[in-house]
Amino acid sequence: MFMKRKRQKKQKEHYTKKQIMTGYGFMAPFLIMFILFTILPVVLSIVLSFTYFNGFSMPGFVGLGNYIKLFLKDTLFTKAVSNTLVFALITGPLSYLLCFFLAWAISEFPPKLRSFLTLLFYAPSICGASYTIFTIIFSGDRYGWINSFLLKMNIIYEPIQWLTDTQYMFGVAVIIVLWSSLGTSFLAFIAGFLNVDQNLYEAGAMDGVKNRWQELWYITLPSMKPQLMFGAVMSITSSFGVGAMIDVVFGNPSTNYELYTMVHELQDYANTRLELGYASAIATVLFVIMLVANSVIQKIIRKVGD
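In this report, the structure presented in the accompanying data block is examined. (Residues numbered from 1 in each chain as written. Predicted model: local features only at pLDDT ≥ 70, side-chain atom pairs only at ≥ 80, totals over all residues. Heavy atoms only, no water.)

Brief notes about the overall build of the protein chain
Consideration 1: Helix and strand counts for the protein chain stand at 14 helices and two strands.
Consideration 2: Summarising its shape, the C-alpha atoms of the protein chain cover approximately 95 × 60 × 30 Å along the three principal directions.
Consideration 3: For the protein chain, with 306 residues in total, the buried portion stands at 37%.
Consideration 4: Expressed as a percentage of contacts within the protein chain between residues at least 6 apart in sequence, the contacts between residues at least 24 apart total 67%.
Consideration 5: Accessible area for the protein chain stands at about 18,700 Å²; split by element, carbon and sulfur atoms hold 68% of it.
Consideration 6: Computing the positive centroid from 23 side-chain charges and the negative centroid from 16, the protein chain places the two 20 Å apart. (Helix = DSSP H or I, 4+ residues; strand = E, 2+ residues; numbered from the N terminus. Buried < 20%, exposed > 50% of the residue type's maximum accessible area, 1.4 Å probe, protein only. Contact = heavy atoms within 4.5 Å. Areas by Shrake-Rupley, 256 points an atom, 1.4 Å probe, with all protein chains shown as cover. Lys, Arg positive; Asp, Glu negative; His and termini not counted. Charge placed at Lys NZ, Arg CZ, Asp CG, Glu CD.)

Now the structure itself:
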């Protein structure tokens with residue numbers, strides 16, 4: 001009897017090890033790709049940020065030289081950081097809330113209508129042509145849609161230069177970013193709402209949950225914490241990475257560098273000037289800022305439903 005149990009235990013351990021190795025085998029392709037194209041580039045960027053490297057000769061160690069130049073001598077970098085943080089503080093939370101409440105509303109509709117509305121709101125995030133539409137809407141002549149409407153209503157008497165006047169550029173940029181922000185996090189929120197166990201609402205009603213807002217706070221949000229966390233990461237990443245939209249609509253550089261961001265600074269030194277060590281320092285600073293922002297958001301989301 002003792003020997004039989006011992007054999008069964010060994011057999012169980014053998015199967016457990018085999019299952020573990022099988023699991024690692026399935027994970028291996030993803031892990032290899034993740035290390036090669038995510039972890040390794042980040043590590044190399046941090047290392048190169050302490051060097052002078054132009055992409056042709058061997059990197060030369062300069063210590064903190066790139067960071068000293070970045071924070072003490074590069075005036076455009078200061079403006080880029082300021083614009084990036086303002087964009088992130090405005091568009092990040094607003095796009096997150098917009099995605100969440102639109103997903104909440106759409107999840108209440110019947111399946112066919114829900115599918116149509118999901119596609120309607122998600123399409124701008126994957127269609128680059130939507131940016132060019134805004135160049136027509138906010139065109140600076142009297143044929144631009146906004147100017148045409150305002151002139152007909154006698155609200156203005158001269159066309160407004162929406163895309164070149166620094167008084168209006170930032171507001172227009174925020175509108176365009178919010179319009180195109182209904183991306184992956186929007187889909188994740190809809191999936192989260194649709195997968196909440198309906199039995200929890202019945203149990204909540206028995207425990208004293210009285211209205212939809214209490215259901216949202218005590219039942220829905222705690223059940224959606226993985227989607228909330230994912231949506232927060234995506235919103236933060238996109239808000240700090242604003243760049244391509246500005247180039248298409250406002251040009252690069254924009255008037256008086258009004259919409260100049262850290263992404264523009266990074267692209268300038270990496271692609272145009274070929275100062276890859278300096279560009280790596282910019283990328284490292286941006287990475288640290290995003291890391292801090294993500295950790296703060298995660299702490300806030302963990303308190304949801306408490």
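A closer look at the pattern of salt bridges
Consideration 1: In this structure the tally under the stated criterion is two salt bridges.
Consideration 2: Note that glutamate 275 is salt-bridged to lysine 69, the shortest N-O span being 3.7 Å. Here lysine 69 lies in helix H2 (residues 65–73) and glutamate 275 lies in the loop between helix H13 (262–272) and helix H14 (276–302), a separation of 206 residues in the sequence.
Consideration 3: Arginine 273 is paired through a salt bridge with aspartate 268; the nearest N and O atoms lie 3.0 Å apart.
Consideration 4: Owing to a relative accessible area of 19%, aspartate 268 belongs among the buried residues under this scheme. (Salt bridge = Lys/Arg side-chain N within 4 Å of Asp/Glu carboxyl O.)

So, unusual backbone geometry
Consideration 1: The phi dihedral of asparagine 256 is positive, around 55 degrees, even though this residue is not glycine.
Consideration 2: Note on asparagine 256: relative accessible area 58%, which makes it exposed.
Consideration 3: The phi torsion at tyrosine 257 lies on the positive side, around 55 degrees, for a residue other than glycine.
Consideration 4: Relative to the helices and strands, tyrosine 257 resides in the loop between helix H12 (244–250) and H13.

Description of the nonpolar core
Generally speaking, a soluble globular protein has its nonpolar side chains buried in company with each other.
Consideration 1: Core analysis: the biggest nonpolar cluster contains 25 residues, and Phe87, Ile176, Met245, Phe250 and Leu259 have the highest contact counts within it.
Consideration 2: Looking at this core, the elements with two or more residues in it are helix H5 (129–137), helix H6 (145–152), helix H7 (169–179) and H12.
Consideration 3: For this core, the element with the most residues is H7, which contributes eight residues.
Consideration 4: Counting residues in hydrophobic clusters, the runner-up holds 23 residues, among them Trp104, Leu182, Ile190 and Met224. (Core = buried A, V, L, I, M, F, W, Y, C linked by side-chain atoms within 4.5 Å.)

Let's talk about helix H10 (residues 212–223)
An α-helical segment advances 3.6 residues per turn. Residues three or four places apart therefore align on the same side.
Consideration 1: Taken together, the buried positions of H10 are Leu216, Ile219, Thr220 and Leu221.
Consideration 2: Elements in contact with the buried residues of H10: helix H3 (75–106), helix H8 (184–194), helix H9 (199–206) and helix H11 (225–240).

Describing the layout of surface pockets
Consideration 1: Of the pockets and cavities examined, the largest pocket occupies roughly 600 Å³.
Consideration 2: Lining the largest pocket are 24 residues, with Pro93, Tyr96, Ala232, Ile297 and Ile300 positioned closest to its centre.
Consideration 3: Of all the elements in the fold, those that place two or more residues in the lining of the largest pocket are H3, H10, H11 and H14.
Consideration 4: It is H3 that provides the largest number of residues to the lining of the largest pocket, a total of nine residues.
Consideration 5: Residues that form the lining of the largest pocket fall into these classes: 21 nonpolar, three polar and no charged.
Consideration 6: Those elements that provide at least two residues to the lining of the second largest pocket are H3, helix H4 (111–126), H8, H11 and H12. (1 Å grid on protein atoms, 1.4 Å probe; cavity = no way out; pocket = protein on both sides within 12 Å on 5 of 7 lines; lining within 4 Å. Points joined across faces, edges and corners; volume = space filled by probe spheres on them. Nonpolar A, V, L, I, M, F, W, Y, C, P; charged D, E, K, R; others polar.)

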